[in-house]
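Commentary on secondary and tertiary structure
Residues per chain, in single letters:
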Amino acid sequence: MSAILPPGVTAAEFSAAMRAFSSEIGSQWVLITDEDLIPYHDAYGFAGQTDHQPGGAISPANVEELRAILRIANERGIPLWPISRGKNYGYGAAAPRMSGSVVLDLGRMRRILDVDVARGVVVVEPGVGFFDLYDYLEREKIPLWASMPGNSLGSVLGNALEYGLGYGPMGDRANSLVGMEAMLPGGELVRTGMGAMNGSPCWNLFPYSYGPSWDRMFTQSNFGIVTKAGVWLYPEPEEVLSLDMEVPDEADIGWVVEALAPLRMRGVVQGPVNIGNFMRIVMGSGRRAEWATGKGAIPDAMHKQIMDDFGLGWWGVHLTFYGEPELNRARAKVVADAFAKHTSQRFEMHSWKRGEPRPPLPSHGVPISFPLRIANWLSPNGGHLGFSPVLPPDRAAIEQQISRSRAMFRKFDFDFYGGVTLGERHVNVVNMLAYDRDDADMAKRADALFRELMNDAKTRGFGEYRSHLSYMDDVAATYDFNGGSLHRLNEWMKDAIDPNGILAPGKQGIWPKRYREAQQ
Amino acid sequence: MICLRHLSGALLPAIVLVGGCSSEPDVAAPIPLTAVEAVPALSMVEGKATPRNYAAACGTCHDNGGFAVRVLADRSGPENSMIHERNDLAPDAIRAIVRNGFGAMPAMSKLEVSDEELDGIIAFLGKARRGSAPQ
């Protein structure tokens, strides 16, 4: 039996609850020993980290078993921490926000339930991973592509519910979720959108229905457990046309965003644009020993040499167009003309045509895992942590953010893995750091850097949209309009829909009443 | 000329690293990717009884230019980067690494890969080393 218990629950009560879970779903799907719970700690967390330890782990096979688990949890006051596949690396992976929570592993609910080829929709359960979906579409020769993330090991639904961003026209994944089925903490099953009507063929086609839309209630929340959802896929394009340019200077990011933002807003550029700095490539190369011996940041003076070695600029601009070749070329021409106002460089271009073997790239709908190699940058026991505030796509704001981020990374002696992801009317500025999990000093510096990045962004009105477990309360507190009225709304909602406070206590800083009172 | 180095903003698998990139000034004449190798099928052990076989549970990282292939190449050299080709991994060592994690490799739970499935994977790795794995 694990020594970690939920707050206010005795060992005897906890044991009895776990026995009750076992009797409902089978003891092989209930884990309670420290040894068995190792995978439910934060895989890339700092050594000695104690705030997010699991008390147990259970895995239902279906909605009926899930309902039974919720009934027992409500009866016995056992907090549950739902995960889809637990691959949320850099954000806490499979670990719970509150120690002692029982991880509710939905990985066994792994069915691809329906594919509507004509409409480009797939309905999946939370355990379905990006590799599963890709494998299925390939095997069945279904001409649809899913948007893939850089680390594709995770769950299709889990990633979308956490606002994951990625490649391709459907790269804003939360917006590609259309029509959910969710179980409320009390066990009631609801369907959102047109799925609220029995027999509707439009459940996953129209994002609204009649009356309020509750879909967003289940994203980054602890108000319910999504048990299945529709995901919009992109029809296999006739052609993928890629434009690539390495721009040489750190300050170039300003004009690059200035040139692309209106084109992204008008739909000339399809899907999020991922612009990464050279360190994003270098830190995934496994070649650190060529330039550094200690654990400190590689000096700026060496950057030029490294960029030359890799054939990279300070920023890599990578655009991908999907569709008919004529349209792709027309779009590419508009982008090339916009860039020509700022640089004499030309884009390198490549194309993939339907029927050709697909390159193993997420931009082409193929899942990958290799970007996780950054976990090996500083140490065999490495990890990574990101801060990605939301900014307007304004040149001055982005230049200032990059400059300030760079200064803070220098101050705390970390290599700056930077990126800018351009949405329709915003950017996320990626600030990623890699660390040695066993280095206590580095843990302190990483924590200090994250907090300084967060507080600095807040002073300019910029907030994070997603965070590691350890910073959920802090990030939530930065959303302070009207004395934090959104947070109060979340708490009211939490107490109304989950009066026993069993579902994911503390997620995104939302605590149920029983734990709020205990903290006070 | 094939030029794939910068396609996605991330370092590409070795199989598509083709040198000699050059700027292409003509928007109307993009470069085809016809020389790119196909993505290998993920299922290396088709027909295996276990639902989580080597390909599904391990191959996402340990095959196809995945993360673990590269990390192992960093640490032990390219010749040791593919675990199904190695002879130095004892069954108990594999079991311990899967359950406890090892370095950058996260641990995998019994709920994700059962003990029985793990036994099947270990057996597959043994057969692969002896060159008799089902293909």
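Turning to the overall build of chain B, a few remarks are in order. When its secondary structure is counted, chain B shows five helices and zero strands. Helices and strands in chain B line up, N terminus first, as α-α-α-α-α. Relative to its full complement of 135 residues, chain B shows a buried share of 52%. Contacts in chain B between residues at least 24 apart in sequence constitute 48% of all its contacts with a sequence separation of at least 6. Here chain B displays about 6,100 Å² of accessible surface, and carbon together with sulfur accounts for 56% of that area.

Helix and strand counts for chain A stand at 14 helices and 19 strands. Taking 2.2 N^0.38 as the reference for a compact globule, 520 residues should give roughly 24 Å; the C-alpha atoms of chain A span a radius of gyration of 23 Å, in line with that estimate. Here the C-alpha coordinates of chain A stretch approximately 70 × 55 × 45 Å along the principal axes. Here chain A, with 520 residues, has 63% of them falling under the buried criterion. As presented, chain A carries roughly 19,300 Å² of accessible surface, and 52% of it is formed by carbon and sulfur atoms. Positive and negative side-chain charges of chain A, numbering 52 and 61 respectively, have mean locations separated by a distance of 2 Å.

Residues and elements named next belong to chain A. Within the secondary structure, Glu 125 is located in the loop between strand S6 (121-124) and helix H3 (130-139). By relative accessible area, which is 2% here, Glu 125 ends up buried. Of the polar contacts made by the side chain of Glu 125, one reaches the backbone nitrogen of Arg 110; its length is 3.1 Å.

Let us look at the packing of aromatic side chains. Evaluation of the coordinates by the stated rule reveals 14 aromatic pairs over all chains. Judged by centre distance (5.0 Å) and plane angle (35 degrees), the ring pair of B:Tyr54 and B:Phe124 falls under tilted. Remark: B:Phe124 occurs in helix H5 (residues 115-130) and B:Tyr54 occurs in helix H1 (residues 54-57); sequence separation between them is 70 residues. As far as burial versus exposure is concerned, B:Tyr54 and B:Phe124 are alike and both buried. Grouped by ring-pair contacts, the aromatic residues A:Trp255, A:Phe339 and A:Phe347 constitute a single cluster. Over the ring of A:Trp203 we find A:Arg191; its NZ or CZ atom is 4.4 Å from the centre of that ring. Lying across the ring of A:Phe370, B:Arg70 places its NZ or CZ 4.3 Å from the centre.

Attention now goes to the pattern of salt bridges. Summed over all chains, the structure comprises 46 salt bridges over all chains. In this structure, A:Asp498 engages A:Lys494 in a salt bridge whose closest nitrogen and oxygen atoms are separated by 2.6 Å. For A:Asp498, a relative accessible area of 1% corresponds to the buried category. Accessibility expressed as a relative area gives 0% for A:Lys494, which makes it buried. Three or more residues are tied together by salt bridges with common partners; here these are A:Asp36, B:Arg99, B:Lys110 and B:Asp115.

Right, let's talk about the sheet that holds strand S4 (residues 102-105) of chain A for a bit. Residue and element names in this part refer to chain A. Across the sheet, which stays open at both edges, the four strands sit in the order S1-S2-S4-S3 with mixed pairing between neighbours. Unpaired on one side and paired on the other, strand S1 (30-31) and strand S3 (80-83) mark the two borders of the sheet. Inspection of the sheet shows strand S2 (residues 56-58) paired to S4 by three bridges, in the parallel sense. What sits directly across from Ala 57, in S4, is Val 103. Against the sheet, helix H2 (residues 63-76) makes contact with S2, S3 and S4, and its axis sits at roughly 155 degrees relative to S3, the strand it touches most.

A few words now on the sheet that holds strand S8 (residues 177-183) of chain A. Note on sheets: strands pair through backbone hydrogen bonds, and any given pair is parallel or antiparallel. All names here are of chain A. One open sheet accounts for five strands, arranged S5-S6-S10-S8-S9; its pairing is antiparallel. Pairing within the sheet leaves two strands with one partner each, and these edge strands are strand S5 (112-116) and strand S9 (189-191). Averaged over all adjacent pairs, the angle separating strand axes in this sheet is 15 degrees, with direction ignored. Here S6 runs beside strand S10 (residues 225-232); their pairing, made up of four bridges, is antiparallel. Looking at the pairing, Val 123 lines up with Gly 230 of S10.

This part covers the pairing of strand S18 (residues 417-422) of chain A. All names here are of chain A. The element S18 is extensively covered by neighbouring structure, given that six of its six residues are classed as buried. The pairing of strand S13 (residues 273-277) with S18 spans four bridges and is antiparallel. By the bridge assignment, Gly 276 is partnered in S18 with Gly 419.

Quick look at the packing of helix H6 (residues 252-265) of chain A against helix H10 (residues 395-411) of chain A now. Residues and elements named next belong to chain A. H10 packs onto H6 with a crossing angle of 145 degrees between their chain directions and a minimal axis gap of 8 Å. In the crossing of H6 with H10, the sense of the turn from one axis to the other is right-handed. Facing Ile 253, Gly 254, Trp 255, Val 257 and Glu 258 of H6, the residues of H10 in contact are Arg 395, Ile 398, Glu 399 and Ile 402. Across the contact of H6 with H10, the residue classes break down as five nonpolar, one polar and three charged.

Formed by 75 residues in total, the largest nonpolar core has its most connected members in A:Leu260, A:Ile275, A:Leu319, A:Val335, A:Phe339, A:Trp377 and A:Phe414. The next biggest cluster of nonpolar side chains, apart from the first, holds 39 residues, and it includes A:Leu37, A:Met472, A:Ile502 and A:Ala504.

Time to look at helix H11 (residues 440-459) of chain A. All names here are of chain A. Between the first and last C-alpha of H11 there are 29 Å, a value that for 20 residues agrees with the 28 Å anticipated at 1.5 Å per step. Every buried residue of H11 is accounted for by Met 442, Ala 443, Arg 445, Ala 446, Leu 449, Phe 450, Leu 453, Met 454, Asp 456 and Ala 457. For H11, the secondary structure elements touched by its buried residues are strand S16 (382-387), H10, strand S19 (427-436) and helix H12 (472-477). Taking the backbone nitrogen of Asp 441 as reference, a side-chain oxygen 3.0 Å away marks Asp 439 as the first, capping residue of H11. Gly 461 occupies a position one or two residues after H11 and carries a positive phi of about 85 degrees.

Turning our eyes to something else, we now look at helix H4 (residues 91-100) of chain B. Residues and elements named next belong to chain B. When we look at burial in H4, the residues that qualify are Ile 94, Val 98 and Arg 99. The buried residues of H4 occupy an angular sector of 120 degrees when the element is viewed end-on, so they sit on one face. The first or second residue beyond H4 is Gly 101, which carries a positive phi of 80 degrees.

Let us look at the environment of A:Gly127. Secondary-structure assignment places A:Gly127 in the loop between S6 and H3. Along the backbone, A:Gly127 and A:Met109 are 18 residues apart, and their C-alpha atoms lie at a distance of 5.1 Å.

What follows concerns a nonpolar patch on the surface. A cluster of nonpolar side chains, contributed by A:Leu205, A:Phe206 and A:Tyr208, occupies part of the molecular surface with about 280 Å² of accessible area. Tracing the backbone through its elements, the reader meets A:Phe206 in the loop between S9 and S10.

All names here are of chain B. Per-residue confidence for chain B averages 65 on the pLDDT scale, and 56% of its residues sit at or above 70. Note that residues 1-51 has pLDDT below 50 and, in this model, 131 contacts with residues that lie over four places away or in other chains. If you check the scores for this complex, the pTM reads 0.91 and the ipTM reads 0.92.

It is worth spelling out the state of the cysteines at this point. The final tally for this structure, using the stated rule, is zero disulfides over all chains. For B:Cys61, which is in no disulfide, the shortest distance to another cysteine sulfur is to B:Cys58 and amounts to 9.0 Å.

Reading guide: rules and limits
Residues numbered from 1 in each chain as written. Chains lettered and ligands numbered in written order. Predicted model: local features only at pLDDT ≥ 70, side-chain atom pairs only at ≥ 80, totals over all residues. Heavy atoms only, no water. Helix = DSSP H or I, 4+ residues; strand = E, 2+ residues; numbered from the N terminus. Buried < 20%, exposed > 50% of the residue type's maximum accessible area, 1.4 Å probe, protein only. Contact = heavy atoms within 4.5 Å. Areas by Shrake-Rupley, 256 points an atom, 1.4 Å probe, with all protein chains shown as cover. Rg over C-alpha atoms; globule rule 2.2 N^0.38 Å. Lys, Arg positive; Asp, Glu negative; His and termini not counted. Charge placed at Lys NZ, Arg CZ, Asp CG, Glu CD. Polar contact = N/O pair within 3.5 Å; in protein donor to acceptor, adjacent residues only side chain to side chain. Phe/Tyr/Trp six-rings, centres within 6.5 Å; stacked < 30°, edge-to-face > 60°. Lys NZ or Arg CZ within 6 Å of the ring centre and 35° of its normal. Salt bridge = Lys/Arg side-chain N within 4 Å of Asp/Glu carboxyl O. Pairing = 2+ DSSP bridges. Axes fitted to C-alpha atoms, helices over the stretch in contact; angles between N-to-C directions. Left-handed = near helix turned anticlockwise from the far one by under 90°. Nonpolar A, V, L, I, M, F, W, Y, C, P; charged D, E, K, R; others polar. Core = buried A, V, L, I, M, F, W, Y, C linked by side-chain atoms within 4.5 Å. Expected span 1.5 Å × (residues − 1). Arc of directions from axis to C-beta. Patch = residues over 30% accessible without salt bridge, like charges linked within 9 Å, V, L, I, M, F, W, Y side chains within 5 Å. pLDDT = per-residue confidence, 0-100. Disulfide = S-S within 2.5 Å.

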